[in-house]
Amino acid sequence: MTLTAGVIGVQGDVAEHANAITRAATAHGERVDVREIRDSGLVPDCDLLSMPGGESTTISRLLRREEIAPEIREHVAAGKPLLATCAGLIVAARDAGDERVANLDVLDVTVERNAFGRQRDSFEAPIGIAGLDEPFPGVFIRAPVITDSGECEVLATWDDRPVAVRSGPIVGTSFHPELTDDARLHGLAFFENPALDTSA
Ligand code: GLN
């Protein structure tokens, strides 16, 4: 059987996530059909969902305008996997401390946007991640810091701050796992996620 994956495509970074999902699926012996989500009505068919980075104010506004936001909430409430990266993490969060972001409030974290400081605006660092044997190349681009990880499991820290968390079916990262050749994080978030229903 073939799983249906959705990549939220209201702003971009879709092809990179689609590639990473496809590679991770192959590595786990799964077949996946990846769809770009720009309109409502598609998320309900998805077994798993990626929410890429970009600009969180824009993404959250478009998700609301296109009426995709409630569908993502229902996807998570149904216990289906969601990977939220960088601006995606900001949008998924409980609170981003910025009224221009319409938070989905599906992940029990608070975040601070662009919080690594000017010198560290964009950088790459090897990140040790719970569940992965070798460090993961973390690409941080004007990344958010997780200021309160609530009840989430912290999967990774950098500079003593959480940069990857898991809560139920959701994995959230401050960095961009799709911008590397390494699909292990997508594997962890989706195909090693007990929330994934492969029986459909
Ligand atoms: N700085 C962006 C924001 O706050 C996130 C950056 C990214 O997704 N690379 O929305």
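Residues numbered from 1 in each chain as written. Predicted model: local features only at pLDDT ≥ 70, side-chain atom pairs only at ≥ 80, totals over all residues. Heavy atoms only, no water.

In this section: the pairing of strand β1 (residues 2-8). In terms of residue burial, β1 counts as a mostly covered element, since 6 of its 7 residues are buried. Pairing of β1 with strand β3 (residues 48-51) involves 3 bridges; the strand directions are parallel. By the bridge assignment for β3, A5 is matched with L48. (Buried < 20%, exposed > 50% of the residue type's maximum accessible area, 1.4 Å probe, protein only. Helix = DSSP H or I, 4+ residues; strand = E, 2+ residues; numbered from the N terminus. Pairing = 2+ DSSP bridges.)

Next up on the list: the environment of G12. Note that G12 resides in the loop between β1 and α1 (14-27). For G12 and G29, which are 17 residues apart along the polypeptide, the C-alpha to C-alpha distance reads 27 Å. Those residues in contact with G12, other than ones at most four positions away along the chain, are P52 and G53. (Contact = heavy atoms within 4.5 Å.)

Right, let's talk about the nonpolar core for a bit. Note on soluble globular proteins: their nonpolar side chains tend to be buried together. Grouped together as the largest cluster of nonpolar side chains are 36 residues, with contacts concentrated most on I127, I129 and F191. Elements that contribute at least two residues to this core include exactly β1, α1, β7 (122-127), β8 (136-141), β10 (153-158), β11 (161-167) and α5 (184-191). It is α5 that provides the largest number of residues to this core, a total of 5 residues. In this view, I129 contacts F136, L155, A156, F175, L185 and L188; residues no more than four positions away in its chain are not counted. V10, A87, A96 and V111 belong to the second-largest nonpolar core, a separate cluster that totals 33 residues. (Core = buried A, V, L, I, M, F, W, Y, C linked by side-chain atoms within 4.5 Å.)

Nothing here speaks to function; it is all geometry.
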